[in-house]
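Architecture and fold: a report
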Amino acid sequence: MVQYIVTVYTGRRLLANTVNSAYIKLVGTEGESHRKLLNNEDFASFRVGWPSTFVVTSHKPLGKLVLIELEKRHLIFGDPWLVDKVEVQSTEGETYKFPIYSWLSDSFVHRFREGTALRDCDDDHLLGKYSRQQELREQNQTYQWNEDSIPHCMQAENPINPLSLPRDDQFSFTKGAEFLSTAAAGLAELKLTGLEDCKENWESIDDIKKVFPKRQTELSEYTQDHWEEDDFFGYQYLNGVNPMMIELCTVLPDNFPVTSCMVFPDGKTTLDKEMKNGNIFLVNYKNLDGIPANVINGKQQYLMAPLVLLHKTPENKLMPIAIQLKQCPATDNPIFLPTDDKYDWMLAKLFVRSADFSEHQLNYHLLRTHLLAEVFTMAMLRNLPMVHPLYKLLSPHTRYTLQINFLARIRLISPQGVFTQFSASGGKGMFLFLAKSLSSITYDSLCIKNDIAQRGMQKVTDFYYRDDGCELWDILERFVNDLLRHYYSTDAEVMQDSELQNWIQDIYEHGFFSRESTGIPQRFTTVAELVKFVTMAIFTSSCQHAAVNGGQYDYGGWMPNTPITLQLPPPTIKGKADKDTVLKTLPDVNATAQGMATVWLLSKQSSDFVPLGQYPEEHFTEEKPREMIKKFQSELHALSVKINDRNEKLEIPYTYLDPAKVENSVSI
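As the structure is a computational prediction, the values presented were derived from the model and not from experiment.

A word on the nonpolar core
Core analysis: the biggest nonpolar cluster contains 173 residues, and L26, V86, L393, F479, W503, F533 and V534 have the highest contact counts within it. Per element, the largest residue contribution to this core is 21 residues, and it comes from helix α7 (residues 342-383). With sequence-adjacent residues up to four places away left out, V86 is seen in contact with V6, T7, V8, I24, I68, L70, Y96, K97, F98 and I100. The next biggest cluster of nonpolar side chains, apart from the first, holds 16 residues, and it includes F264, L271, L282 and A322.

The following block contains the structure:
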């Protein structure tokens, strides 16, 4: 008889253990073992976070182990069991590792491949090929596209119950409890202060401080103190929660008739001169043009599509110098200037910041990170078996993404969702704007270095989103390049991998609606193309999400800085506005409270946060990829130290792309 020492590692999550009967079968190139019952007599074989060791015998050597079969039989009730990995030691002293990291919730036989990463064309063992094909057939039944969404998303079995998601895609008990606790805490605070149901205007700016008096961050307090200042308004276009829209302006748009006399009345410089010197910048909210505004508390709301001109001053401050609130120039659409009456200028900036809320939340946050990350996740689950090297690389960057998006659809953008009910772009306008935003996405705009170049923002000083983001991209690209070239040494190997080609085709079709104009590849023909796209997918799901998510409460917790909606139309004649006009324009008390509670929740970091480059699940079992991961982690740590050293010298530290604070996946 030949003996194999089998060690089963039960997961560390709460309730990961099982008292059900568990069986294993070893399958090798020369045969297979008998089905072996693993439980001990006390039914306590599989404890949370503990390894359990057993002996499996065979009448003859099994050769190289190819896969294992695991089966869990219910005793009294279905008792889900989280298995992290299985290790098998042969009599020859060779150890075979089987990464699993899955819940076994049923009584079916589940097959898991040995951990060595194998491309489709590498898998020359007949049973191995059958196993990966069977896995993908099952995955395609579980993960089906909902083609009524923008972009396509997962078809949920029960669209209002997150527990209907596959167990592997659900939050851990800790994450779920904290998420509900944070939401409940915010709502409880609102109930205590009596703001949730108040549909009245604010009586004064100071009254807004009554919302979350104990829930301030250092930067949200700074925002509260400086929100009216022009240089802080401009600063946020570089390093706030939405640094994605500002671009160098070398020629004014035809529909923005600003003159030198308007913006440089002292005559010391001219608009043409400042544009030639690279000191003039434009933010154009043209995608909001024509989007119908919401009705909130029975009152029509207002959403503008502004144009904003900014000037980089000799003092190195980015200052707004002209604002036009609608796209078409007209006598009732004045160009507002910092030299105007205080309340005219304040209102103009309020309408811009409110427009920025909608652009940021729906386009740059929801669509370009959350929903695209879901597309990448779905395509991976449907087309790449667990043994595929790209599955192993991408999997940590998909953690919790399906459930957080499921909850977003229920709590934020459903008919009863916060954004639907309380934001200016909610209601009918929301999905019109999402469709418009999706049609404007290009591949280049998703790749930070290309995007920065296209916006002409390479040389702007104090642009920390760009500096940290580009360094992160370079580190990530080096890691992805080294790892993928370890498995794909030639372009032909990329072209021959049908699973890889199916993955990108699914993304092209369901994420970008097969639009060639996006520049998204329909297939990969070179290793370089594969490296760039995978770098983008991981960057989007980690770094880019961190950049547009982490500062939501810092900059949006103080509502006047980022109004969720506005209730009066913009002024058409200068000199008529006063303090009372501003208060009546701001959102009602309940809309303010709901908006602030939501950005507080979305900015919270959970205790089981996994930072970029950390991989608690050991999907790669070979030594070479594990060395590459260590090098990747070392480079990330060095960048983190560099960012923290810089931030110590800044009045407003930029922390959102510190690798230690970037989460591996879209999970909040």
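Thoughts on a negative patch on the surface
Together, E218, E221, D225, E228, E229 and E651 make up a negatively charged patch on the protein surface. Within the secondary structure layout, E218 lies in helix α3 (residues 218-226). Taking relative accessible area as the criterion, E218 reaches 73% and is therefore assigned exposed.

Description of the pairing of strand β13 (residues 280-284)
Along β13, 5 of the 5 residues are buried, which leaves the element largely enclosed by surrounding structure. Covered by surrounding structure in β13 are I280, L282 and N284 together with F281 and V283, the residues of both alternating faces. Looking at chain direction, strand β12 (residues 247-248) and β13 are connected through 2 bridges and run antiparallel. The residue of β13 that forms the bridge with L248 is F281. Relative to strand β16 (residues 307-312), β13 runs antiparallel, the two being bridged by 5 bridges.

Considerations on the pattern of salt bridges
Tallying each qualifying case throughout the model produces 27 salt bridges. Where R73 meets E71, a salt bridge forms, and the shortest distance between an N and an O atom there is 2.7 Å. We classify E71 as buried; its relative accessible area is 7%. A salt bridge links D608 to R399, with the shortest nitrogen-to-oxygen separation between them at 3.3 Å. Placement of the pair is D608 in the loop between α20 (589-603) and α21 (623-647) and R399 in the loop between α8 (389-394) and α9 (401-411), with a sequence separation of 209 residues. Linked through salt bridges whose partners overlap, the residues forming this network are K25, E32, E69 and R111.

So, the state of the cysteines
Considering all chains together, one arrives at 0 disulfides under this definition. Here C470 stays unpaired: no disulfide links it, and the sulfur of C543, its closest cysteine neighbor, is 11 Å away. According to the relative accessible area criterion, C470 is buried, its value standing at 15%.

Details of the UniProt feature "binding site: Fe cation" (unreviewed entry) in the chain
Here, the residues flagged by UniProt with the feature "binding site: Fe cation" (unreviewed entry) are H365, H370, H545 and I668. The greatest C-alpha distance among the residues just named is 11.2 Å, despite their covering 304 residues of sequence, which places them together in space. Mapped onto the elements of the fold, H370 is located in helix α7. Looking at H370, the relative accessible area reads 5%, which means it is buried. Sequence-distant contacts of H370, defined by excluding residues within four places in its chain, comprise H365, T401, I404, N405, H545, V666 and I668.

Quick notes on the rules
Residue numbers run consecutively from 1 along every chain, following the written order of its sequence. Reporting of local features is limited, given that this is a predicted model, to residues whose pLDDT is at least 70; pairs of side-chain atoms are given and counted only at 80 or more, and all residues count toward the totals for whole chains, interfaces and linings. Side-chain metrics rest on all non-hydrogen atoms present in the structure, leaving aside hydrogens and water. What makes a nonpolar core is a set of buried Ala, Val, Leu, Ile, Met, Phe, Trp, Tyr and Cys residues whose side-chain atoms join them at distances within 4.5 Å. We call a residue buried when its accessible area falls under 20% of the maximum for its residue type, exposed when it is over 50%, and partly exposed in between, using a 1.4 Å probe and counting protein chains only. Per the convention used, a helix needs a DSSP run of H or I reaching at least four residues, while a strand needs a run of E reaching at least two, with both numbered from the N terminus. Whether two residues touch is decided by their heavy atoms; if any such pair falls within 4.5 Å, the residues are in contact. Patch membership needs two things, relative accessible area over 30% and no salt bridge, and members are linked within 9 Å if like-charged or within 5 Å if nonpolar (Val, Leu, Ile, Met, Phe, Trp, Tyr). Throughout, the Shrake-Rupley method with a 1.4 Å probe supplies accessible areas, and for residues the shown protein chains are the sole cover considered. Throughout this description, the term salt bridge denotes a Lys or Arg side-chain nitrogen within 4 Å of a carboxyl oxygen of Asp or Glu. We treat Lys and Arg as the positive residues and Asp and Glu as the negative residues; His and chain ends play no part in the count. Each charge is placed at NZ for Lys, CZ for Arg, CG for Asp and CD for Glu. Note on pairing: DSSP must find at least two bridges between two strands before they are called paired. The rule for a disulfide is simple: a pair of cysteine sulfur atoms within 2.5 Å. UniProt positions are given in the numbering used here, feature names are shortened, and annotations may be inferred rather than shown by experiment.

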